[in-house]
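Structural description and commentary
One letter stands for each residue in the lines below.
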Amino acid sequence: MKNTTLSSTTDLHALSAVEQDEAPNSLEQTEFELLIEQGKTLSAKLDALKILIDQHRRSYASTVPVLQKKQDSLRRAMVLWLDQRLKGEGLTARHERLIRRLICSIAMEFALSGDRVMRALHDVHSEEKLADIERAQAAEAQAYLKEAMGAEFGEDQVFENLDDVLHAKFDFMRKEAEARAKNREARRAKKKKMSPADLQAAEDVESALRSLYRKLASALHPDRESDEDIRTYKTQLMSEANTAYERRDLLALLELQTKAQLPESTLSTALARKKLVALTDLMRERCTVLHREIRDTELQATAEFVLPASMTIHENSLKHHLNSRKREMLLELRRLNEELTSVKTDAGLKRWIKEQTLD
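Residues numbered from 1 in each chain as written. Predicted model: local features only at pLDDT ≥ 70, side-chain atom pairs only at ≥ 80, totals over all residues. Heavy atoms only, no water.

Description of helix α9 (residues 250-259)
Structural remark: α-helix, 3.6 residues per turn; residues separated by three or four positions point the same way. Basically, it comes down to this: Using a 1.4 Å probe on the protein chains alone, a residue whose accessible area is under 20% of its type maximum counts as buried, one over 50% counts as exposed, and one in between counts as partly exposed. Here a helix means four or more residues in a row that DSSP labels H or I, a strand means two or more in a row labelled E, and each is numbered from the N terminus. In protein, a polar contact means a hydrogen-donor-capable atom and an acceptor-capable atom, both N or O and within 3.5 Å, with residues adjacent in sequence counting only if both atoms are side-chain atoms; elsewhere, any N or O pair within 3.5 Å suffices.
By the criterion of burial, α9 is predominantly enclosed, with 8 of the 10 residues buried. Where α9 is concerned, the buried positions are L250, L251, A252, L253, L254, L256, Q257 and T258. Of the residues flanking the start of α9, the one acting as N-cap is D249, its side-chain oxygen 3.2 Å from the backbone nitrogen of L251. Just downstream of α9, Q261 is the residue with a positive phi angle, here 60°.

Notes on the side chain of K234
Put simply, the test is: Any pair of residues with heavy atoms lying within 4.5 Å of one another is described as a contacting pair.
Looking at the secondary structure, you find K234 in helix α8 (residues 228-246). Residue classification places K234 among the buried positions, given a relative accessible area of 12%. Within the local environment of K234, its side chain forms a polar contact with the backbone oxygen of A219, the two atoms lying 3.1 Å apart. Those residues within four positions of K234 in sequence are excluded, and the remaining contacts are A219, L220, H221, P222 and E225.

Quick word on the nonpolar core
To keep things clear, this is the line we draw: Think of a nonpolar core as a cluster: buried Ala, Val, Leu, Ile, Met, Phe, Trp, Tyr and Cys residues, connected wherever their side-chain atoms sit within 4.5 Å.
Counting 71 residues, the largest nonpolar core has I99, L250, M283, L349 and W352 as its most contacted members. Residues within four places of M283 in sequence aside, it is in contact with F32, L35, I36, G39, L250 and L251.

A few points about the packing of aromatic side chains
To keep it simple, the criterion reads: Side-chain rings of Phe, Tyr and Trp (the six-membered ring for Trp) are treated as a pair once their centres are within 6.5 Å; stacked means planes under 30 degrees apart, edge-to-face means over 60, and tilted covers the remaining angles.
Following the criterion strictly, the structure yields 2 aromatic pairs and no others. A centroid spacing of 5.1 Å and a plane angle of 55° characterise the contact between Y60 and F305, whose relative ring orientation is tilted. Here Y60 is found in helix α1 (residues 26-61), whereas its partner F305 is found in the loop between α11 (273-304) and α12 (315-342), with 245 residues between them in sequence. Grouping residues by exposure puts Y60 and F305 together as buried. For the pair Y213 and Y245, a centre-to-centre distance of 4.4 Å together with 10° between the ring planes defines the contact as stacked. In this pair, Y213 is assigned in helix α7 (residues 196-220) and Y245 in helix α8, connecting sequence segments 32 residues apart.

Here it is in structure tokens:
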């Protein structure tokens, strides 16, 4: 297969000559070019962060869920064995009462996750059915949220468990947020009409983006290529250009301009001042969005992998945290194994009951 990678330069490639009714000054050019460099840096950081998180997700998935499943298997085995032991003899009434309490405590977590066997065992050994406990918790949570969020929350609804209450809460909050946003937009549209200067700035941005897009479309037109590999490559770039233009992503269009090997004059010197100012505002907005996307990606990773809130996400910190988590889970596995072996004797069972009661 032929090499279809097109060479790139470090300079920003630009549109061909654009009519200049007022040339930008050097400070305006410098600010624009600095924002482009900042945007390129932030975009590269976001891409690298996403790749790093995807790689870590694979390492995490091959380690933590596997160990968690082994832990759950041992804890579940403990519940089943305790249930069997209660059917035997030699236990005092106090020990039987404590064992039932421990069965309910361990089984509840599995039962709330949908384990029917554990739910049945919980209900056998508990004075109160799990469904009744869930309804009581849901009613308590509903009353609290009704007081905090208003009488409209959960009106005429009966919730069976906490999950239903939480789903209703988030749905309620989403609808309220949408209503507030709609009201804000309506007020803003009513209060503010675009001034002639605002309209001109918007037209300047659209004109510059349109000119850049057309230049790209001309350079990347795949039908003009006889080589299949180059045609495929240009088709991909053209698809990216379409997406970038629809999103009004100036940074992406400029990067595609480099890949397309357009003429080498800087964009800032090819634009009239009014268009440069408008595009500078657009680049500033894009940098703000990239900052937010980086922060949101880091927050999502923190929640997904249960990372410390203060942890800086990079390759070494993720590896260190995963290794620490693995060591902790292996230690917990060893402890659960030892406990399950220990409780098979009455002396070990009584000692274990005492330890759990003290905890």
